[in-house]
Number of protein chains: 2
Amino acid sequence: MSKKGLLVVISAPSGTGKDALIECLSQKAPDIFKSISATTREMRVGEKEGVDYYFTTKENFEKLIADEEVVEYTKYCNNYYGSPKAPIMENLEKGRDVVLKIEVEGAMNIRRMFPDSVLIFVLPPSIEELKKRLDKRGTEDECTIEKRMKRARTEVTYAGEYDYLVVNDDLSRAAEQLMDIIKAEKLKTFRNHDIIKSILVD
Amino acid sequence: MSKKGLLVVISAPSGTGKDALIECLSQKAPDIFKSISATTREMRVGEKEGVDYYFTTKENFEKLIADEEVVEYTKYCNNYYGSPKAPIMENLEKGRDVVLKIEVEGAMNIRRMFPDSVLIFVLPPSIEELKKRLDKRGTEDECTIEKRMKRARTEVTYAGEYDYLVVNDDLSRAAEQLMDIIKAEKLKTFRNHDIIKSILVD
């Protein structure tokens, strides 16, 4: 199979538990390449360089943008977030599926650049549940919880632009649903015209 | 959930093993309603009324057509094949998923009538394998194997019109793929706008 990998974009309001979800997906499907974003925001307690993010300076990030070395980026609460291009392209070319965890604006850009990508929006069970999770986290600094809540609502209005919706009420079940989507997408006819051709020339 | 069921259309050239595949799917997902086609062709050895088909007369079938009691029908080798409407509509309304096993022309009609339906084309591993299976079956009467082979090739050219392709080289694996497709389709955003709305009005 010289087929290209699938580019899967996952977005979710902060506090929806998307990090834990993607971690769970990685465990179920270790072959999937998890793109690590670069950011200029400060490292939170428990985060690790190259695992949660590549932490970098504003100057370095602006150089990445200028050199077109990020496939998308966004500025949020005065910090940059973006997806380094090279590892994504290399893995897709090798036929490995790539998961990108990005904000809604970035996702819309990916859709334009990669029309065959698969966009999944992860929803919290409810807005109340989201607020509870953000309150519990207690790691907020530059952005207040209120600001995040307002943003969460705005982000949810983008959910309609995505291909699939997954409600993260049960982590393992939600990860299974991500797997179902990825497996089904690989069976889409437009990704498999070669099979029809090979049968017809038999 | 007052949500409607999913209408899944499965087509495959004869000899691809679609009956065994749908049987396997039914075992894995007993909640799915398997629509039984009506036909005017003669019962083959081992077939059962109401299990494989509803066997009926030409006159009765033409009455079904006139009364619009079939959602689609086709004539093949001088026999009618069609899907009775009432059980399909009732099950979809109740929120139960419905699987329809139909020919390519019927599938194209279903697509027009039910734009939200999911069309899956099942392919044999190769045309040689298909011929082998038809030779082995040895139940052909009115239609020669050659005629079926020619039709199989024509049908495969329609595969590009379907949403998904499943290669039936391993029965259980192919049935799992059908399950993956059904599960993923239920997560499609356009089928779940109510979830977005319910979160936004929270």
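Residues numbered from 1 in each chain as written. Chains lettered and ligands numbered in written order. Predicted model: local features only at pLDDT ≥ 70, side-chain atom pairs only at ≥ 80, totals over all residues.

(A) Quick peek at the overall build of chain A. Check the secondary structure of chain A and you find 8 helices and 9 strands. Rg of the C-alpha trace for chain A: 18 Å, near the compact-globule value of 17 Å for 202 residues, within the 12% margin. Scored against the burial criterion, the 202 residues of chain A give a buried share of 36%. Across chain A, contacts joining residues at least 24 apart in sequence account for 70% of those joining residues at least 6 apart. (Helix = DSSP H or I, 4+ residues; strand = E, 2+ residues; numbered from the N terminus. Rg over C-alpha atoms; globule rule 2.2 N^0.38 Å. Buried ≥ 20, exposed ≤ 12 C-beta atoms within 10 Å, placed from the backbone. Contact = placed C-beta atoms within 7 Å.)

(B) Up close: the sheet that holds strand S7 (residues 98-101) of chain A. Residue and element names in this part refer to chain A. Pairing is parallel across the open sheet formed by 5 strands, whose spatial order is S2-S7-S1-S8-S9. Either end of the sheet is taken by a strand with one partner, and the two such strands are strand S2 (33-34) and strand S9 (164-167). As defined by bridge partners, strand S1 (residues 7-11) adjoins S7 across 4 bridges and the pair is classed as parallel. When the bridges of S7 are listed, isoleucine 10 appears paired with lysine 101. Where helix H7 (residues 171-185) meets the sheet, its contacts fall on S1, strand S8 (118-123) and S9, and the angle it forms with S9 comes to roughly 160°. (Pairing = 2+ DSSP bridges. Axes fitted to C-alpha atoms, helices over the stretch in contact; angles between N-to-C directions.)

(C) Molecular detail of the packing of helix H1 (residues 18-28) of chain A against H7 of chain A. Residue and element names in this part refer to chain A. Relative to each other, H1 and H7 sit at 60°, their axes nearing to 9 Å. It follows from the interaxial angle that H1 and H7 lie oblique. Both H1 and H7 take part in a crossing whose hand is right-handed. For the pair formed by H1 and H7, the contact residues are Ala20, Leu21, Cys24, Leu25 and Lys28 on the first element and Leu171, Ser172, Ala174, Ala175, Leu178 and Met179 on the second. Among the residues making up the contact of H1 with H7, the classes are represented as 9 nonpolar, 1 polar and 1 charged. (Parallel < 35°, antiparallel > 145°, perpendicular 65-115°, else oblique. Left-handed = near helix turned anticlockwise from the far one by under 90°. Nonpolar A, V, L, I, M, F, W, Y, C, P; charged D, E, K, R; others polar.)

(D) Quick peek at the relation of the copies chain A and chain B. Taken as rigid bodies, chain A and chain B are interconverted by a rotation of 180° and an axial shift of 0.0 Å, the fit giving an RMSD of 0.0 Å. Here the copies are linked by what is in effect a two-fold axis. Of the C-alpha atoms belonging to chain A, the one lying closest to the rotation axis is found on aspartate 180 of chain A, 2.5 Å away. When the interface residues of chain A are mapped onto chain B, 100% of them are again interface residues, pointing to one common binding face. (Least-squares fit on C-alpha atoms with pLDDT ≥ 70 in both.)

(E) The arrangement of the nonpolar core in detail. Within the largest apolar cluster, 94 residues are counted, with the highest numbers of intra-cluster contacts made by Val8, Val9 and Ile120 of chain A together with Val8, Val9 and Ile120 of chain B. If sequence neighbours within four positions are ignored, isoleucine 120 of chain A has contacts with Val8, Val9, Ile10, Tyr162, Asp163, Tyr164, Val166, Leu178 and Ile181 of chain A. (Core = buried A, V, L, I, M, F, W, Y, C linked by C-beta atoms within 7 Å.)

(F) Inspection of the packing of H7 of chain A against helix H7 (residues 171-185) of chain B at higher detail. Axis separation between H7 of chain A and H7 of chain B bottoms out at 8 Å; the angle between their running directions is 115°. The handedness of the crossing between H7 of chain A and H7 of chain B comes out as left-handed. The residues of H7 of chain B that touch H7 of chain A, namely those facing Asp180, Ile181, Lys183 and Ala184 of chain A, are Asp180, Ile181, Lys183 and Ala184 of chain B. Taken together, the residues of the contact of H7 of chain A with H7 of chain B sort by class into 4 nonpolar, no polar and 4 charged.

(G) Representation of unusual backbone geometry in the model. With a phi angle near 55°, cysteine 77 of chain A is a residue other than glycine that sits in the positive phi range. Take cysteine 77 of chain A: it is sitting in the loop between strand S5 (70-76) and strand S6 (79-84). Residue cysteine 77 of chain A is classed as partly exposed on the basis of its 14 C-beta neighbours within 10 Å. The phi dihedral of glutamate 68 of chain B falls on the positive side, at around 55°, and the residue is not glycine.

(H) How the structure looks around the interface of chain A and chain B. Counting from both sides, the interface comprises 30 residues of chain A and, opposite them, 30 residues of chain B. Contributions of two or more residues to the side of chain A that touches chain B are made by helix H5 (127-137), helix H6 (145-158), S9, H7 and helix H8 (193-200) of chain A. Split into classes, the residues belonging to the side of chain A that touches chain B amount to 16 nonpolar, 7 polar and 7 charged.

(I) Spatial organisation of the environment of lysine 136 of chain A. Here lysine 136 of chain A lies in helix H5. Of the residues examined, lysine 136 of chain A has 9 C-beta atoms within 10 Å and is grouped as exposed.

(J) Summary view of the pairing of S8 of chain A. Residues and elements named next belong to chain A. Taken across its 6 residues, S8 has 6 buried, putting it largely inside the fold. By the alternation rule, side chains of S8 split into Val118, Ile120 and Val122 and Leu119, Phe121 and Leu123, which are all buried. The pairing of S1 with S8 spans 4 bridges and is classified as parallel. If you follow serine 11 over to S8, its bridge partner there is phenylalanine 121. Bridging between S8 and S9 involves 4 bridges; their strand directions are parallel. Considered in S9, the bridge of valine 122 is made with valine 166.

(K) Quick peek at helix H4 (residues 104-113) of chain B. Residue and element names in this part refer to chain B. Among the residues of H4, Val104, Gly106, Ala107 and Ile110 are the ones counted as buried. For H4, the angular spread of the buried residues around the axis is 155°, confining them to a single face. Turned more than 90 degrees away from the buried face of H4 sit Arg112 and Met113, all of them exposed. (Arc of directions from axis to C-beta.)

(L) Expanded view of the sheet that holds strand S6 (residues 79-84) of chain B. Residues and elements named next belong to chain B. Pairing in this open sheet of 4 strands is mixed, and the strands run S4-S3-S6-S5 from one edge to the other. Of all strands in the sheet, those with a lone pairing partner are strand S4 (54-55) and strand S5 (70-76), marking the two edges. Bridge analysis of strand S3 (residues 38-39) against S6 gives 2 bridges, and the strand direction is antiparallel. Bridged to alanine 38 within S6 is glycine 82.

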